[in-house]
Amino acid sequence: MCFHTSQTKKVKTLEKRFGVKISDAALVDYFDKSQYHLNGFAHPNMLVIPQQKSEVLAPGVWGIVPENKNKDEITSYYKEAVKFGGGLNARSEKAFQHFVYKNAILEKRCIIPVSGFFEPHEYKGKKYPYHFKNEDDSPMALAGLYSVIDTFITFTILTKEASPLFAKIHNKKKRQPLLLDEEQTRNWLATDTTLAQVKDILSFNYPEFNTLF
């Protein structure tokens with residue numbers, strides 16, 4: 001599972017990589033600060049590219065919240081949902097059945113740009129974090145789903161069965177985030193992507209030779 005990420009790229013780098021603009025220039029200074037370890041259980045603010053406005057980088061809170069909640073219920077929901085993983089990850093295999101994900105998968109898909117992420121390797125009863133990033137150090141595109149609570153975006157990162165490389169590292173649960181390349185990123189955010197195409201993207205295997213740890 002992906003509960004820990006890093007985001008050390010400048011906003012301009014993300015804008016150039018994904019062909020977007022930040023939604024509010026006043027946010028640049030905040031998101032230009034390098035975040036070497038973002039702990040999902042602290043529900044940090046991160047930048048996302050939402051399907052409904054795919055030309056922008058918008059701030060979002062890590063941890064998806066059902067849209068029948070209001071902004072004053074977000075904190076209490078997180079306390080309640082911590083036993084279910086706090087809405088940080090969504091199993092791609094359940095994307096069309098889960099009560100929160102089944103609507104989002106159709107029209108509220110998003111990309112979460114990160115510079116890397118951490119996965120645990122278990123050895124002799126202890127967990128050791130491994131940091132993954134692109135070999136060329138370019139930003140990664142994690143596939144996610146989001147909700148809008150009043151004016152707040154909350155999001156989750158999709159996970160899938162681990163590839164052989166990731167399974168060697170995440171050797172207990174053998175999961176990994178759904179990583180997308182440039183073509184699949186465009187398709188994930190497109191409003192005319194068919195249901196069959198969405199299902200194909202959920203099983204997309206990111207080339208292992210692109211990653212370092």
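Our subject is the structure that appears above.
As a starting point, this report considers the structure included with it. These numbers were taken from a predicted model, which means no experiment stands behind them.

1. Quick word on the overall build of the protein
When you go through the protein residue by residue, the secondary structure sums to 7 helices and 14 strands. Expected size for 213 residues packed as a compact globule is a radius of gyration near 17 Å; at 16 Å, the protein falls within 12% of this value. Overall size of the protein, expressed as C-alpha extent along the three principal axes, is 45 × 35 × 35 Å. Out of the 213 residues in the protein, the part that is buried amounts to 51%. Relative to all contacts within the protein whose residues are 6 or more apart in sequence, the contacts with residues 24 or more apart total 71%. If you sum the accessible surface of the protein, you get close to 11000 Å²; carbon and sulfur atoms cover 51% of it. Across the protein, the mean location of the 29 positive side-chain charges is 7 Å away from that of the 24 negative side-chain charges.

2. Focus on helix H7 (residues 195-202)
Every α-helical turn comprises 3.6 residues, leaving residues that sit three or four positions apart pointing alike. Taken residue by residue, H7 has Val198, Ile201 and Leu202 as its buried positions. The buried side chains of H7 occupy one side of the element, clustering within an arc of 105° when seen end-on. On its buried side, H7 packs onto helix H4 (101-107), strand S7 (109-114), strand S11 (152-161), strand S13 (179-180) and helix H6 (182-189).

3. A closer look at helix H3 (residues 74-81)
Among the residues of H3, those classed as buried are Ile74, Tyr77, Tyr78 and Ala81. All buried residues of H3 lie within an arc of 100° about the axis, which places them on one face of the element. Exposed positions of H3 whose direction lies more than 90 degrees from the buried face are Thr75 and Lys79. Where H3 is buried, its residues touch strand S5 (56-62), strand S10 (140-149) and S11.

4. Observations regarding the pairing of strand S4 (residues 45-50)
The buried fraction of S4 is high, at 5 of 6 residues. Of the pairings in the sheet, the one linking S4 to S5 comprises 4 bridges and is antiparallel in character. Across the sheet, the residue bridging to Asn45 is Val61, located in S5. Linking S4 to S5, which pair antiparallel, is a turn of 5 residues. The pairing of S4 with S7 spans 2 bridges and is antiparallel. Residue Ile49 lies in a different strand from S7, and its bridge partner there is Ile111.

5. Section: the pattern of salt bridges
A complete count under the given rule lists 5 salt bridges for this structure. A salt bridge links Lys9 to Asp137, with the shortest nitrogen-to-oxygen separation between them at 3.0 Å. In this pair, Lys9 is assigned in the loop between strand S1 (4-7) and helix H1 (11-18) and Asp137 in the loop between strand S9 (126-134) and S10, connecting sequence segments 128 residues apart. Classification of Asp137 as partly exposed rests on a relative accessible area of 35%. Within the structure, one salt-bridge network assembled from shared partners comprises Lys9, Lys133 and Asp137.

6. Thoughts on the pairing of S7
In regular strands, side chains alternate between the two faces of the sheet. S7 sits mainly inside the fold: 6 of its 6 residues count as buried. Burial of S7 is two-sided: the residues Arg109, Ile111 and Pro113 facing one way and the residues Cys110, Ile112 and Val114 facing the other way are all buried. Across 6 bridges, S7 lies against S10 in antiparallel orientation. Its bridge partner being in S10, Arg109 is matched across the sheet by Leu145.

Reading the values: the criteria
- Residues numbered from 1 in each chain as written.
- Predicted model: local features only at pLDDT ≥ 70, side-chain atom pairs only at ≥ 80, totals over all residues.
- Heavy atoms only, no water.
- Helix = DSSP H or I, 4+ residues; strand = E, 2+ residues; numbered from the N terminus.
- Rg over C-alpha atoms; globule rule 2.2 N^0.38 Å.
- Buried < 20%, exposed > 50% of the residue type's maximum accessible area, 1.4 Å probe, protein only.
- Contact = heavy atoms within 4.5 Å.
- Areas by Shrake-Rupley, 256 points an atom, 1.4 Å probe, with all protein chains shown as cover.
- Lys, Arg positive; Asp, Glu negative; His and termini not counted.
- Charge placed at Lys NZ, Arg CZ, Asp CG, Glu CD.
- Arc of directions from axis to C-beta.
- Pairing = 2+ DSSP bridges.
- Salt bridge = Lys/Arg side-chain N within 4 Å of Asp/Glu carboxyl O.

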